[in-house]
Amino acid sequence: MRNSKTLLRTAASVVVGAACLLLGAGVALADEGSSAGPAALTMFPVSEKANPANANMKPVIFNHAIHEGKVEDCTTCHHTGDPVACTTCHTVEGKAEGNYITLERAMHATNIKKRPEDEVTPQSCVSCHEARYKENRQCAGCHAIVKPQRNAQWCATCHNADVTPAEMAKGRADKYTLDVRGELAQRTLKKSTPVELLSPLDGPLTVYIDELSDKYEGNRFNHRRHVASLMDRIKDSKLAAAFHNNPETLCATCHHRSPLSKTPPKCGSCHSKEINPAAPERPTLKAAYHLQCMGCHDGMNVARPLKTSCVTCHKVKTAE
Amino acid sequence: MNRRKFLTILGSAGVVSALGTAKVAKASATHTFPYYDNSYGVLHDTSRCIGCRSCEEACNKINNLPKPDRPFDDLSVMDKKRRTSAYQWTVVNKYEVGGKEVFRKTQCFHCNDPACASACFAKCFSKQPDGSVAYDGSQCVGCRYCMIACPFYVPGFEYDEAFDPLVQKCTFCETTRLQKGLLPACVEACPVDALTFGRRGDLIKLARKRIADNPGKYVDYIYGEHDAGGTAWMVLAPAPNAEAAIPTANPIDAGHTFEKIGLDTHLGNRPMGEYTYGALGTVPMIIAFWPLLFGGAYAMTKRREAMHKAETESVIKTAKEDVATAMDAAVRTIEQNQGQQAADEARKAMVEALKAREASKAEEHGAHGEGK
């Protein structure tokens, strides 16, 4: 059935493409993603037990409609080819049908073994998102440095559905229809307000980094241009918009490990000039600067400046 | 002394010698260097190294090494694989792992139990409690056994030095910097902390943490943790691609990547010296036993020869005496029967006959000897 659908779709594309060519006019193709799938819905941790352990996370609001348009076909997520709910096979405890892959793993696993070419390699939410930010240049810079964390702030990005305990219990038992789960999702979505990210103008124009100036002069870092360029590149990404859910999220790549703030501490507040015996794994200030700049440029495949060309960023100090 | 006795002595000497060797081999642990718990080391993270050669420049400067032909900012020297030498104590080489350039600095690894020290009969090398392997050239004879023994091909020889050429290698900046509380020059010069200085034990923990915190970034192996009995300088290698993201913890898999960056993971986890202590332990045995053994054999042969000679002489003497007695008896009989004159003639004739016989015998013997 899946194959015939793909075939039809391909045939349709070919016909439309031929029509475009014939007419010699650019005809915008209609969004292919629209199908009979649900819109946003609430995903409950379905369990066979009445009071399951490890199922206390808030449910997730999953916007099915947006995701449909972003993936190749249904099998990207519905990897068996049968468009049933994930929790049919993957429950909190795991079931034989789901090869005892628990719901938590099905949603978060990143170490998924690649299947042979004629089989579908299943994907989890996290593994698919991870692939996106790794393959997109505009994301890969920061995400070469930013690593997913297991803390309340990170988890709450997705686990944010507003449900009562009674609803939660009913949801766990899988007693809700698709429509009700959609309504529950809408309730949360209506409450949420879009996040207004900080503007590049909120930060300084330039930062003169010269605390370690020795053989070379310091670097005049164009802070505003860097922030503006990063923001410009991801302004159309819905994925970025959904996950950068704090005004200062974007700042936190460089200004990492401190609480989110419009006025974060300087690098030298934590990174000492000399190696710190209490924290030998922490890069020294010189290395912190270089690793951060080079790490992001590497991730984004910025060819210039060369990492070994000191004078691109630093003037040689002239003897006085 | 007969043949049987001789063989018995030879056999027992062999057994004693073998026992002695076995004892040395067993006691080899006492021959190895003590493992200094608080010794220092350096962790080289090749995933960070950018190949800028700052470390080479710093090393050259602090150790007053001769200026190289090509400046340190000429990175094209890395097109060829270079080795450390007497005048380049550290070099950075370029490798390729999974289509990406990877740089690795090499220098003396400052082994926990250095092979160079085990090979040196002049005792020029010593493992210091601070972790460095120090070289003192005052007794060096220039045999270069250390260069052959080193599993990392590190020590260099001053071939161009006509008088008193010495072996040279990285000192860990022990006297120049460590003892003054300063970091080794290369470590301080590194712009990206690809070199981390610390206590060896801490570095291993740090390396493990780095591997664990960055899944898929590193090969799950710390080169030098156990290789060649453990080294003070250790190396982390970047994982070749996303496929290696699932950690296998299999040293054979690690070996592929480490081989690509020029490190041999087949050195084993025993100190190099341990492989030879058994064989070398027999040397004192040989020195002690062989003069005794061969001296004894020589003395026995000599003694037997002397005895044989004495025996022969006594036989000849007896024979001669017998002839003389018989001749006397014959002459006396002739004297009694035929008178004094006849007896004299007979004695004369007999003496002549004896002489002639002896002469012919001697001639025959001589001819025989010549014929030989």
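Quantities reported herein were computed from a predicted structural model and do not represent experimental measurements.

Asker: Looking at this structure, I do not really get the overall build of chain B. What am I missing?
Answerer: Helix and strand counts for chain B come out as 10 helices and nine strands. Of all 372 residues assigned to chain B, the portion counted as buried reaches 30%.

Asker: Looking at this structure, how should I read the overall build of chain A?
Answerer: Scanning chain A for helices and strands turns up 12 helices and four strands. Across the 320 residues of chain A, 14% fall into the buried class. At a minimum sequence separation of 6, the contacts of chain A that also span at least 24 residues come to 54%.

Asker: Honestly, the interface of chain B and chain A in this entry has me stumped. Any pointers?
Answerer: How big an interface is tends to be stated in terms of accessible area lost as the parts join. Across the contact, 16 residues belong to chain B and 13 residues belong to chain A. Residue assignment for the side of chain B that touches chain A shows that the elements contributing at least two residues are strand 8 (195-199) and helix 7 (200-213) of chain B. The class makeup of the residues in the side of chain B that touches chain A is nine nonpolar, three polar and four charged.

Asker: Looking at this structure, I do not really get helix 3 (residues 54-62) of chain B. What am I missing?
Answerer: Note on helix geometry: an α-helix contains 3.6 residues per turn, so any two residues three or four positions apart are oriented the same way. Residue and element names in this part refer to chain B. Of the residues making up helix 3, those classed as buried are Ser54, Cys55, Glu56, Ala58, Cys59 and Asn60. In this structure, the buried side of helix 3 is in contact with strand 2 (91-97), strand 3 (100-106), helix 6 (185-189) and strand 8. Directly after helix 3, the chain includes Asn64, whose backbone phi takes a positive value near 50°.

Asker: Looking at this structure, how should I read the environment of Leu267 of chain B?
Answerer: All names here are of chain B. Among the structural elements, Leu267 can be located in the loop between helix 8 (251-260) and helix 9 (274-338). Owing to 19 C-beta atoms within 10 Å, Leu267 belongs among the partly exposed residues under this scheme. In this structure the C-alpha to C-alpha distance between Leu267 and His226, which are 41 residues apart in sequence, comes to 9.4 Å. Apart from residues no more than four positions distant in its own chain, Leu267 is found in contact with Pro151, Asp227 and Ala228.

Asker: Could you clarify how one ought to interpret the confidence of the model for chain B in this entry?
Answerer: Parts of the model with low pLDDT should not have their predicted coordinates read in detail. Summary statistics for chain B give a mean pLDDT of 86 and a share of 88% for residues scoring 70 or more. The ipTM, which scores confidence in the relative placement of chains, is 0.77 for this predicted complex, and the corresponding pTM is 0.75.

Asker: Looking at this model, I keep getting lost on the sheet that holds strand 9 (residues 233-236) of chain B. Mind explaining?
Answerer: Paired through backbone hydrogen bonds, the strands of a sheet run either parallel or antiparallel to each other. Residues and elements named next belong to chain B. Strand order in the open sheet made by the three strands is 8-1-9, with mixed pairing throughout. The sheet terminates laterally at strand 8 and strand 9, the two strands that pair on one side only. On average, adjacent strands in this sheet sit at an angle of 25° to one another, irrespective of strand direction. In this sheet, strand 8 lies alongside strand 1 (residues 40-45) in antiparallel orientation, the contact comprising five bridges. Across the sheet, Gly41 pairs through a bridge with Gly198, a residue of strand 8. Contacts from helix 7 reach strand 1, strand 8 and strand 9, with the element oriented near 130° to strand 8.

Asker: Would you explain helix 8 (residues 178-191) of chain A in this entry?
Answerer: Over its 14 residues, helix 8 of chain A extends 21 Å from the first C-alpha to the last, a length consistent with the 20 Å expected when each residue adds 1.5 Å. Buried residues along helix 8 of chain A sit in contact with strand 1 (40-43), strand 2 (60-63) and helix 7 (165-172) of chain A.

Asker: How should I be thinking about unusual backbone geometry in this particular structure?
Answerer: For residues besides glycine, phi is generally negative; the peptide bonds are generally trans as well. All names here are of chain A. Here Arg304 and Pro305 are connected by a cis peptide whose omega angle stands at -5°. The phi dihedral of Tyr100 is positive, around 60°, even though this residue is not glycine. Along the polypeptide, Tyr100 turns up in the loop between helix 2 (64-70) and helix 3 (103-108). A positive phi angle, near 60°, is found at Asn301, a position not held by glycine.

Asker: Looking at this model, I keep getting lost on the environment of Thr46 of chain B. Mind explaining?
Answerer: Residues and elements named next belong to chain B. Mapped onto the secondary structure, Thr46 falls in the loop between strand 1 and helix 3. The class for Thr46 is buried, based on 24 C-beta atoms found within 10 Å. Note: C-alpha distance between Thr46 and Arg104 (58 residues apart in sequence) is 5.7 Å.

Asker: So what exactly am I meant to see when it comes to the environment of Leu263 of chain B here?
Answerer: Residues and elements named next belong to chain B. Here Leu263 is to be found in the loop between helix 8 and helix 9. C-beta crowding within 10 Å serves as the criterion here: with 23 such atoms nearby, Leu263 is assigned to the buried category. Placed 28 residues apart in sequence, Leu263 and Val235 show a C-alpha to C-alpha distance of 9.2 Å.

So, how was this worked out
- Residues numbered from 1 in each chain as written.
- Chains lettered and ligands numbered in written order.
- Predicted model: local features only at pLDDT ≥ 70, side-chain atom pairs only at ≥ 80, totals over all residues.
- Helix = DSSP H or I, 4+ residues; strand = E, 2+ residues; numbered from the N terminus.
- Buried ≥ 20, exposed ≤ 12 C-beta atoms within 10 Å, placed from the backbone.
- Contact = placed C-beta atoms within 7 Å.
- Nonpolar A, V, L, I, M, F, W, Y, C, P; charged D, E, K, R; others polar.
- pLDDT = per-residue confidence, 0-100.
- Pairing = 2+ DSSP bridges.
- Axes fitted to C-alpha atoms, helices over the stretch in contact; angles between N-to-C directions.
- Expected span 1.5 Å × (residues − 1).

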